Amino acid sequence: MELDKAIQSRKSVKKFSKKKPDWRKIIEAIDSARYSPMAGNIFSLKFILVSDKEKIQQLSKASEQEFIADVQYAVVVCSNPSRTLNAYEERGENYLRQQTGAAIQNFLLKLEDFGLATCWIGHFVDDKVKNILKIPKDVNVEAFFPIGYESKAAKTKQKRKIELDRVLFFEEYGKSRIGE
Ligand SMILES: Cc1cc2nc3c(=O)[nH]c(=O)nc-3n(C[C@H](O)[C@H](O)[C@H](O)COP(=O)(O)O)c2cc1C
């Protein structure tokens, strides 16, 4: 798939078919995250591939989002902030946020490339997710991703995206036209 197509066709999907994804494709998508930029080239993330039905149900409860229970795989993204914070102190907090997003986007685009569907889950009770997956105290749960194939019967509409002229300025903040 072309890069533009993957970027533009990606969407959040919450209705999945019964077809089981090939876990190797999910691992490949995780592998793409390794190539993302990281401050000081310090890789701060860990990924947990979850296939246990019981655990997936618990993740669904921990996030109060029922649709998650329908999938056969989920990927939980964790960050270990210590090395980045040691290197960059307070500034490291910003770097950690930015690089987590960059790595997740690589992962999402690769899933899209494989025709797999997911939805970014950011709403959950951290301690519950940590308990389910035995995540250490000093590691953060960033987000998780239920993964499957989109239901053909209940296709999700692509959301309208903000227009370029509402997000782009020239030369200074608030200047929407060249030479204004
Ligand atoms: C940080 C973050 C947290 C999110 N958390 C949730 C969530 O808990 N549940 C959910 O259904 N969608 C969640 N989403 C998905 C957004 O609602 C979705 O990306 C947005 O509506 C745009 O739709 P699109 O992904 O189809 O472009 C989250 C997205 C981001 C980036």
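In what follows, the accompanying structure is described. (Residues numbered from 1 in each chain as written. Predicted model: local features only at pLDDT ≥ 70, side-chain atom pairs only at ≥ 80, totals over all residues.)

### Side note on the sheet that holds strand β3 (residues 117–118)
Then comes step 1: Pairing is antiparallel in the open sheet, where four strands are placed in the order β1-β2-β4-β3. If you trace the sheet from one side to the other, it starts and ends with β1 (45–50) and β3, each paired once.
Then comes step 2: Bridge analysis of β3 against strand β4 (residues 140–148) gives two bridges, and the strand direction is antiparallel. Bridge pairing links Thr118 to Ile147 in β4. (Pairing = 2+ DSSP bridges. Helix = DSSP H or I, 4+ residues; strand = E, 2+ residues; numbered from the N terminus.)

### Notes on the packing of helix α2 (residues 23–33) against helix α5 (residues 91–113)
In a pair of packed helices, the angle between the axes and the distance between the axes together describe the arrangement.
Then comes step 1: Packing of α2 against α5 brings their axes to within 7 Å, and their N-to-C directions diverge by 145°. The element α2 and its partner α5 pack so that their crossing is right-handed. Residues Glu28, Ala29, Ile30, Ser32 and Ala33 of α2 form the contact with α5, whose own contacting residues are Ala103, Asn106, Phe107, Lys110 and Leu111.
Then comes step 2: Of the residues in the contact of α2 with α5, the class split is six nonpolar, two polar and two charged. (Axes fitted to C-alpha atoms, helices over the stretch in contact; angles between N-to-C directions. Left-handed = near helix turned anticlockwise from the far one by under 90°. Contact = placed C-beta atoms within 7 Å. Nonpolar A, V, L, I, M, F, W, Y, C, P; charged D, E, K, R; others polar.)

### Thoughts on the site of the ligand
Then comes step 1: In the region of the ligand, the neighbouring residues are Lys11, Ser12, Gln65, Cys119, Trp120, Ile121, Gly122, His123 and Lys159.
Then comes step 2: Its residues placed into classes, the shell around the ligand shows three nonpolar, four polar and two charged. (Near = placed C-beta within 6 Å.)

### As for the nonpolar core
Then comes step 1: Counting residues in hydrophobic clusters, the biggest one holds 37 residues, and the most contacted among them are Leu59, Ala74, Val75, Val76 and Ile147.
Then comes step 2: Listed by contribution, the elements that provide at least two residues to this core are α2, β1, α3 (53–62), β2 (73–79), α5, α6 (126–133) and β4.
Then comes step 3: With six residues, the top contributor of residues to this core is β2.
Then comes step 4: Those residues within four positions of Val75 in sequence are excluded, and the remaining contacts are Ile26, Ile30, Phe47, Ile48, Leu49, Phe144, Phe145 and Ile147. (Core = buried A, V, L, I, M, F, W, Y, C linked by C-beta atoms within 7 Å. Buried ≥ 20, exposed ≤ 12 C-beta atoms within 10 Å, placed from the backbone.)

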